[in-house]
Amino acid sequence: MIAETAEQILNLLTTPLLILSLMIVGQSRIGASIRLYTFQSANLALLCFAVGYFEQEFSLYWVGLLTLVIKVVLIPTVLLYIVNKIKVAREVEQLIGAPSSLIISAALIGLSYYTTRPILEDLYVVTKDCLPVSIALVLIGLFIMIGRKKAVMQIVGLLIMENGIFLAALATTLGMPLAVELGIFFDLLVGALIMGILVYHINQTFETIDVDKLTRLKG
Amino acid sequence: MLLTFLLFTPLITGILCGLLSQKKALDGLNIMGAGVVLSLGLGVFQKVLVQGVITESETSRVSFLALRADALSAILILIISILGFLTAVYSVGYMGREIEENLMDLGKLRRYYLLFHLFIFTMLLVCMTDNLGILWIAIEATTLASAFLVAFYGHEHALEAAWKYIILCTVGIAFALFGTIFVYLASINLSDTAEPMKYALNWSYLTRVASQLDPKFMKLAFLFILVGYGTKAGLAPMHTWLPDAHSQAPTPISALLSGVLLNCALYGLIRFHILISQSVGPDFSGRLLLLFGIFSLAIATPFILVQNNYKRLLAYSSIEHMGIITTGLGFTGALGIYGAILHLFNHAMTKALMFLTLGNVRLKYKTTKIDKLRGGLLHVMPVTGSLLLIGALGLAGVPPFSIFLSEFTILSAGFSYIEGPGRISLIFSLLLLSFITCIFAGLIYHVAKMAFGTPLEKVVRGEGSLWTLVPLGVLVLFIGFMGFHIPEDLHTMILKTVEILGGHDTMVLFQRK
């Protein structure tokens, strides 16, 4: 009975992750995309706490807390600061229009459910239903990186991808060991900072952050 | 304590460099730090030679933060500490010259040394950690530490290169994290208790249980790892960031990126290759390595033949040599692995020599275009010019230089590979041979165009400072001497590495009398 409730609560917490990533795909403003990423990370932190509670894994509380500090507060703050600072046109500028992007994303979600079926049989943790969602997040993150012109959106795509991988670790093994998880958070934070600074410099030098203008090195 | 000291020396040196503000003090500290790393690195090498494996951890139990060095790590540590020291010495001359010409200021020099030593620190961590999760973190950290070094000059090209570098490598490495998660999954599935073990990602634990790991997960893991660490190692088709980053970074950094960083990424790949070989047999991962190796050679060849930028020429040559090493590993026999590991060392030394000599050329001519030099380097810079020629011959695989020896070993492994479907390895060996030949022609053509001929009249004859010449001399000694004789210690160490990689079968071949 308790196990069933746990599963239902976890499912309830997993679905918004997908919905939020779809909303980012459909979003046409950079600032709003970053805020949606913040919600997704907060959702992930909640999931961490829930899993930690049901499985009596206390290290997951720490992981959830770190998610809140780094992915909900620090990284979005840095990104929003840089977006404001460079005063770039706020439009995302999609290479593929929003309707077709959404259809492609839906197909990617279907693909993730289809491909993870054989693996799910070999998993024994309570969170295993998150695995297809995590793969979907990785694929959607990649799709955002490919389909958007603005450099900031590539960072957002990368971050969504990382959320997916984080979820995959949660889904298969209840998260990596705490020390490893800590290091990953550290890398993520420093990486986002460095990318942010690079975007700033790129904007200063090129007077644009459209990545399709970054094509001078060839051969 | 040796490993801990070795690991933290560059970190402390880097931080101290960030605090200093005088050029002399910065240069001194830089060389001192790199010198300590060199001596400790040699110390670790000797200790591993005697003891086989050294481990250090903060507690007496198995710890996931433990440091560990076996033969494979020792070879990497040797390469990092030698090239780290030589490039640190070279940097004093190179960066000093740029300051004299007002191309940069003291603040930038401080940042350069800070990042330089942090970069060394992350690379040392890659080959000294016992935990495959930390290994991932360290490899990602090498990208982060070197991203600003690639963007160092801050102009359009450098920024574009740095952006491509950090985005492509981070995405690539993200896949490797996925692979690591699958290995972790396979590892904790072994335990009968429900609680995940803290040391389930530790190398010292995984090697003991490798043969029981679930082949299904391990195969899946290796595909992700290959794409992930393969991106960082510059294997085609994930190599596109490499020529940009290697050509835009300051020259001493290019030498480190090509000579050391690629090897560190390859080191991560090799670790997983060992595990997967023990779990599902060597053919699965070996075949994949073979395929990617040859494909890298195939991609690199045309770009080398038509290249007009000498730094990009060397970058594509790095892709080629990474391809050769992976091909050697893919032949899976002891001979192939021996050749591959030897090639790892030889390529690092030769490529560093090439980058550093061409750095002297760049300091003089301020261009990286081959046709703008108009030849005549041998007249203008007799020492640098002749070293460049020797380096190019060595890099192209001409006897009696060291790369000839390792390429020959790999090829003979390929042609004599009898177990399994021999015809495949025969075809791959023929392909390898023909690509190496084409690249030989391209490389020698371009370098001869630079070295010979009559120079432009306005160019003043003369060499740079001794700082930028002495390291080259040391490297030439390495590639010349090792063409005739592999030092006994290195030979023993490579044999131990071959053993770690599971090449017991033909060990007999190597018994020296």
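Asks: When you look at the overall build of chain A in this model, what are you seeing that I'm missing?
Replies: Along chain A, the regular secondary structure elements total 7 helices and 0 strands. Mapped in sequence order, the helices and strands of chain A form the string α-α-α-α-α-α-α. In terms of overall dimensions, chain A is globule-like: its C-alpha atoms have a radius of gyration of 18 Å, near the 17 Å expected for 219 residues. Along the first, second and third principal axes, the C-alpha set of chain A runs to 60 × 35 × 35 Å.

Asks: When you look at the overall build of chain B in this model, what are you seeing that I'm missing?
Replies: For chain B, the count of helices and strands is 20 helices and 2 strands. Relative to the compact-globule value of 24 Å for 513 residues, chain B shows a C-alpha radius of gyration of 22 Å, a close match. In terms of its C-alpha atoms, chain B occupies a principal-axis envelope of roughly 75 × 55 × 45 Å. Evaluated residue by residue, chain B yields a buried proportion of 61% over its 513 residues. Considering only contacts in chain B between residues 6 or more positions apart, those separated by 24 or more positions represent 81%.

Asks: Explain the domain arrangement of chain B here, please?
Replies: One widely used convention gives an interface's size as the accessible area the parts lose upon coming together. Residues and elements named next belong to chain B. Each assigned domain of chain B is listed with its residue range as follows: domain 1 (1-130), domain 2 (131-280) and domain 3 (281-513). Using C-alpha coordinates to define each centre, domain 2 is positioned 23 Å away from domain 3. Counting from both sides, the interface comprises 31 residues of domain 2 and, opposite them, 34 residues of domain 3. Where the side of domain 2 that touches domain 3 is concerned, the elements lending two or more residues are helix 8 (215-233), helix 9 (241-248) and helix 10 (251-280). It is helix 10 that provides the largest number of residues to the side of domain 2 that touches domain 3, a total of 17 residues. Of the residues contributing to the side of domain 2 that touches domain 3, the split by class is 17 nonpolar, 13 polar and 1 charged.

Asks: Is there a simple way to think about the nonpolar core in this case?
Replies: Side chains of a nonpolar character, in soluble globular proteins, are inclined to be buried together. In this structure, B:Ile75, B:Val150 and B:Ala162 are the most contacted members of the largest nonpolar core, which totals 263 residues. Top contributing element to this core by residue count: helix 6 (residues 156-188) of chain B, with 24 residues.

Asks: Help me understand the interface of chain A and chain B, please; the structure alone is not making it clear to me.
Replies: Taken together, the contacts link 32 residues of chain A with 37 residues of chain B. Here the side of chain A that touches chain B is composed, by residue class, of 20 nonpolar, 8 polar and 4 charged.

Asks: Explain the packing of helix 13 (residues 334-365) of chain B against helix 17 (residues 402-415) of chain B here, please?
Replies: Two quantities define a packed helix pair, namely the angle between the axes and the distance from one axis to the other. All names here are of chain B. Orientation of helix 13 relative to helix 17, taken along the N-to-C sense of each, is 155°, at an axis distance of 8 Å. In terms of their interaxial angle, helix 13 and helix 17 are classed as roughly antiparallel. Between helix 13 and helix 17 lies a crossing of left-handed hand. Residue-level inspection shows Leu335, Gly336, Tyr338, Gly339, Ala340, Leu342, His343, Asn346, His347 and Thr350 of helix 13 in contact with helix 17, the latter providing Ser402, Ile403, Ser406, Glu407, Thr409, Ile410, Ser412, Ala413 and Gly414. Tallied by class, the residues present in the contact of helix 13 with helix 17 amount to 7 nonpolar, 11 polar and 1 charged.

Asks: Mind showing me how you'd approach the packing of helix 9 of chain B against helix 12 (residues 310-330) of chain B here?
Replies: Residue and element names in this part refer to chain B. Two elements in contact, helix 9 and helix 12, have axes separated by 8 Å at closest approach and are oriented at 135°. Classed by the angle they form, the pair helix 9 and helix 12 counts as oblique. Regarding helix 9 and helix 12, the two cross each other, and that crossing is right-handed. Packed against helix 9, whose contacting residues are Leu242, Pro243, His246 and Ser247, the element helix 12 presents Lys311, Arg312, Ala315, Tyr316, Ser318 and Ile319 at the interface. The residue makeup of the contact of helix 9 with helix 12, split by class, is 5 nonpolar, 3 polar and 2 charged.

Asks: Teacher, can you tell me more about unusual backbone geometry here?
Replies: Outside of glycine, negative phi angles account for most residues, and trans bonds account for most peptide bonds. Residues B:Ala236 and B:Pro237 are joined by a peptide bond in cis, for which omega reads 0°. With respect to the secondary-structure elements, B:Pro237 resides in the loop between helix 8 and helix 9. Across the junction of B:Pro399 and B:Pro400, the peptide omega takes the value 10°, indicating a cis bond. As for its position among the elements, B:Pro400 is in the loop between helix 16 (382-396) and helix 17. Positive phi is not limited to glycine here, since A:Leu174 has a value of about 55°. Looking at where A:Leu174 falls in the secondary structure, it is placed in the loop between helix 6 (151-173) and helix 7 (178-206).

Asks: Quick question: what am I supposed to make of helix 8 of chain B here?
Replies: Side chains that are three or four residues apart share a direction in an α-helix, a result of its 3.6 residues per turn. All names here are of chain B. If you check helix 8, its first and last C-alpha atoms are 25 Å apart, about what 19 residues at 1.5 Å a residue would give, namely 27 Å. Judged by how many residues are buried, helix 8 sits mostly within the fold: 14 of 19 residues are covered. Positioned one or two residues after helix 8, glycine 234 has a phi angle of 75°, which is positive.

Asks: Would you explain the environment of B:Gln212 in this entry?
Replies: Following the sequence through the fold, B:Gln212 ends up in the loop between helix 7 (203-209) and helix 8. When the C-alpha positions of B:Gln212 and B:Gly397 are compared, they lie 42 Å apart, and in sequence the two are 185 residues distant.

Reading the values: rules and limits
Residues numbered from 1 in each chain as written. Chains lettered and ligands numbered in written order. Predicted model: local features only at pLDDT ≥ 70, side-chain atom pairs only at ≥ 80, totals over all residues. Helix = DSSP H or I, 4+ residues; strand = E, 2+ residues; numbered from the N terminus. Rg over C-alpha atoms; globule rule 2.2 N^0.38 Å. Buried ≥ 20, exposed ≤ 12 C-beta atoms within 10 Å, placed from the backbone. Contact = placed C-beta atoms within 7 Å. Domains from an automatic or database assignment. Nonpolar A, V, L, I, M, F, W, Y, C, P; charged D, E, K, R; others polar. Core = buried A, V, L, I, M, F, W, Y, C linked by C-beta atoms within 7 Å. Axes fitted to C-alpha atoms, helices over the stretch in contact; angles between N-to-C directions. Parallel < 35°, antiparallel > 145°, perpendicular 65-115°, else oblique. Left-handed = near helix turned anticlockwise from the far one by under 90°. Expected span 1.5 Å × (residues − 1).

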